[in-house]
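Notes for the structure review
In case you want the letters, here they are:
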Amino acid sequence: MSTVAPGTPVSALVTLADLVQHLGNIAPERIRLRPQPGTATVDDVIHVEAHDHSLCELIDGILVEKAMGFAESRIAALVIAHLQQFVLPRDLGIVLAPDGTLRLLRDQVRIPDAAFIGWDRIPGRRMPTEAVPRLVPHLAIEILSVGNTDQEMERKLGEYFEAGVELVWYIDPRQKQVRVFTAVDEVTTLGIDDELDGGNVLPGLSIAVRAILPE
């Protein structure tokens, strides 16, 4: 059984099992081998989306296809609708959909299923022209799918907060709950009868969990 120490560089990985473990024990079919793992760039993310119509995150120079299906897309749409109803009338910033690629940290590219970015993080309040802009959201939202592993999501959570994200929602359709993170080790779990709020990021926002996780 492969055992890869945390922080092992991609160049030191020996087997496919090592690569899978390095990425959080995700399904091998999500890992693209072209370009060679460890050599992919932001340009490759853009190329794959344009030519293969596939959304990929860029993790340590590796293209990893985003895990999302019909049910997760529907939940993301519900969340985005609620966010838009709150953000737009108050002119607070912008809301991103599940194809909003963002460059975080050391040229890591992450694609939250929804996100809010306040105007104070958007230079000149002008929409970026780059396909993958260097922007850090205040709020990042992930709809957990069957293809997501605990290890994968733990790593993504750490990267979000390291980059400067202030609030993260992990929405779990199967468990009918939402985990609200204000730090990697600070989490509140909400059930179907609870209310989701915007905390210090979007004060005054309130969304019934039942409204985004319908029976």
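Along each chain, the written sequence defines residue order, and numbers are assigned to residues from 1. Reporting in this predicted model follows two pLDDT cut-offs: at least 70 for local features of residues, and 80 or more for side-chain atom pairs to be given and counted; totals over whole chains, interfaces and linings ignore these cut-offs and use all residues. Hydrogens and water are ignored here; the side-chain numbers use all heavy atoms of the structure.

1. Focus on the pattern of salt bridges
Stated formally: When a carboxyl oxygen of Asp or Glu lies within 4 Å of a side-chain nitrogen of Lys or Arg, that pair is called a salt bridge. Note on conventions: DSSP H or I runs of at least 4 residues are helices, E runs of at least 2 residues are strands, and numbering of each starts at the N terminus. Note on classification: 1.4 Å probe, protein chains only; a residue is buried when its accessible area is under 20% of the maximum for its type, exposed when over 50%, partly exposed between these limits.
All told, the structure shown has 17 salt bridges when counted by the stated rule. Across the pair Glu 65 and Arg 32 runs a salt bridge, and its minimum N-O distance is 3.1 Å. Note that Glu 65 is positioned in strand E2 (residues 62-65) and Arg 32 in the loop between helix H1 (16-22) and helix H2 (42-52), a separation of 33 residues in sequence. Exposure remark for Glu 65: the relative accessible area of 24% places this residue in the partly exposed category. Between Glu 72 and Arg 174 there is a salt bridge, and its shortest N-O distance comes to 3.9 Å. Linking Glu 72 in helix H3 (residues 70-90) with Arg 174 in the loop between strand E8 (167-172) and strand E9 (177-183), this pair joins segments that are 102 residues apart in sequence. Residue classification places Glu 72 among the buried residues on the basis of a relative accessible area of 8%. Taking relative accessible area as the criterion, Arg 174 reaches 44% and is therefore assigned partly exposed. Taken together, the salt bridges that share partners define one network made up of Glu 57, Asp 60, Arg 110, Glu 142, Arg 155, Lys 156 and Glu 159.

2. A look at unusual backbone geometry
Arg 34 connects to Pro 35 through a cis peptide bond whose omega is -5°. The residue Asp 91 is not glycine, and still its phi comes out positive at about 50°. For Asp 91, the position within the fold is in the loop between H3 and strand E3 (93-96). Residue Asp 91 is classed as partly exposed on the basis of its relative accessible area, which comes to 42%. The phi dihedral of Arg 125 falls on the positive side, at around 55°, and the residue is not glycine.

3. Observations regarding the nonpolar core
Just so we agree on the cut-off: Each nonpolar core is a collection of buried residues, namely Ala, Val, Leu, Ile, Met, Phe, Trp, Tyr and Cys, held together in the definition by side-chain atoms within 4.5 Å. In this description, contact between two residues means that some pair of their heavy atoms is separated by no more than 4.5 Å.
Residues Leu 83, Leu 139, Ile 141, Trp 169, Ile 171, Leu 196 and Leu 202 are the most contacted members of the largest nonpolar core, which totals 28 residues. Contributing elements (two or more residues each) for this core: H3, strand E6 (114-118), strand E7 (139-143), E8, E9, strand E12 (202-208) and helix H5 (209-212). It is H3 that provides the largest number of residues to this core, a total of seven residues. Excluding residues within four positions of it along the chain, Leu 196 makes contact with Trp 169, Val 178, Val 180, Leu 190, Leu 205, Ser 206, Ile 207, Val 209 and Ile 212. Leu 96, Ile 117, Ile 122 and Tyr 160 belong to the second-largest nonpolar core, a separate cluster that totals 20 residues.

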